[in-house]
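# Overview (structure and organization)
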Amino acid sequence: MSDVLIPGSRDVRGTLEEPAGETEAIVVACPPHPQQGGSRSDPRLVAVSKALCEAGIACLRFDYGPWDEGDGERADVRNAVRWARDEDDLPVGVFGYSFGASLALLAAADVDPAPDAVAVLAPAARLADDLDAAAALGPLSSETPVRVLYGERDTTVDWEPVVERARERGDEVTALPADHFFLGKREAIAEAAAGFFEGELLESGSQ
């Protein structure tokens, strides 16, 4: 693992975890709400990162800069995606959990170039009036594959609009028997996310 300073106007730092062998792609992992303890050390992000590395995919887990009501945090995600794209010119994916899942969708919709694949866990449909994650699926290119994972018993965030929009787009949607915190489901989450990125970033790119 190595420490990374993400270029930009905000102080954004991350941890890059790389596979033992050749790195064939990279995924940017966005943590949950920083004001509720969310960080790059979130156990769901760490589990996904480990599974990605086992598949030959590097993972950049990062902490947002100073709290900025979601706007600055969205910029942090965009900058992290740009950094990942510029680092080795590899396929780039984005993963996020909860607040980070919403930001992953919002950033993916307007970063240029767009990520090659997006997977989100328990996304909140809206963070603010101008931060509508469900609506962000509209401008996101149909060529960008998306997978939405959600807990069937999750009453913490309003995930239903995101799931509905994803199904309208024909994206992958997976329900897990869990609430918002997915206790005992880290392995299932890691397998689902890593399998998706392996298929979209590695196998699709080699065809």
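Residues numbered from 1 in each chain as written. Predicted model: local features only at pLDDT ≥ 70, side-chain atom pairs only at ≥ 80, totals over all residues. Heavy atoms only, no water.

The subject of this paragraph is the pairing of strand β9 (residues 146–151). Along β9, six of the six residues are buried, which leaves the element largely enclosed by surrounding structure. In β9, alternate side chains face the same way, and those of V146, V148 and Y150 on one face and R147, L149 and G151 on the other are all buried. Note that β9 and strand β10 (residues 172–176) share five bridges and pair parallel. From the neighbouring strand, L149 faces β10, where its bridge partner is T174. Handedness of the crossover joining β9 and β10 through helix α5 (residues 160–169) is recorded here as right-handed. (Buried < 20%, exposed > 50% of the residue type's maximum accessible area, 1.4 Å probe, protein only. Helix = DSSP H or I, 4+ residues; strand = E, 2+ residues; numbered from the N terminus. Pairing = 2+ DSSP bridges. Right-handed = clockwise from strand over helix to strand, strands pointing away.)

Relative to the assigned elements, D11 resides in the loop between β1 (2–6) and β2 (12–17). What makes D11 partly exposed here is its relative accessible area of 44%. Along the chain, D11 and P66 lie 55 residues apart, while their C-alpha atoms are 7.4 Å from each other. Once residues lying within four places of it in the same chain are set aside, the contact partners of D11 are L5, Y64, G65 and P66. (Contact = heavy atoms within 4.5 Å.)

Moving on, we get to the environment of R13. With respect to the secondary-structure elements, R13 resides in strand β2. R13 sits in the partly exposed class, given a relative accessible area of 43%. Measuring from C-alpha to C-alpha, the distance between R13 and A192 comes to 26 Å, with 179 residues separating the pair along the chain. Side chain to side chain, R13 and D11 meet in a polar contact 2.9 Å long. (Polar contact = N/O pair within 3.5 Å; in protein donor to acceptor, adjacent residues only side chain to side chain.)

A side chain with one charge can pair with a side chain of the opposite charge if their charged atoms come near. For the structure on display, the rule yields 13 salt bridges. Here E17 ties to R61 by a salt bridge, and the two come within 3.6 Å at their closest N and O atoms. Here R61 lies in strand β4 (residues 57–63) and E17 lies in strand β2, a separation of 44 residues in the sequence. For the pair shown, E17 and R61 are each scored as buried. Put simply, R10, E73 and D76 are held in one network by salt bridges that share partners. (Salt bridge = Lys/Arg side-chain N within 4 Å of Asp/Glu carboxyl O.)

Here we come to the layout of surface pockets. What the largest pocket holds in volume is close to 290 Å³. Residue composition of the lining of the largest pocket, by class: seven nonpolar, seven polar and three charged. (1 Å grid on protein atoms, 1.4 Å probe; cavity = no way out; pocket = protein on both sides within 12 Å on 5 of 7 lines; lining within 4 Å. Points joined across faces, edges and corners; volume = space filled by probe spheres on them. Nonpolar A, V, L, I, M, F, W, Y, C, P; charged D, E, K, R; others polar.)

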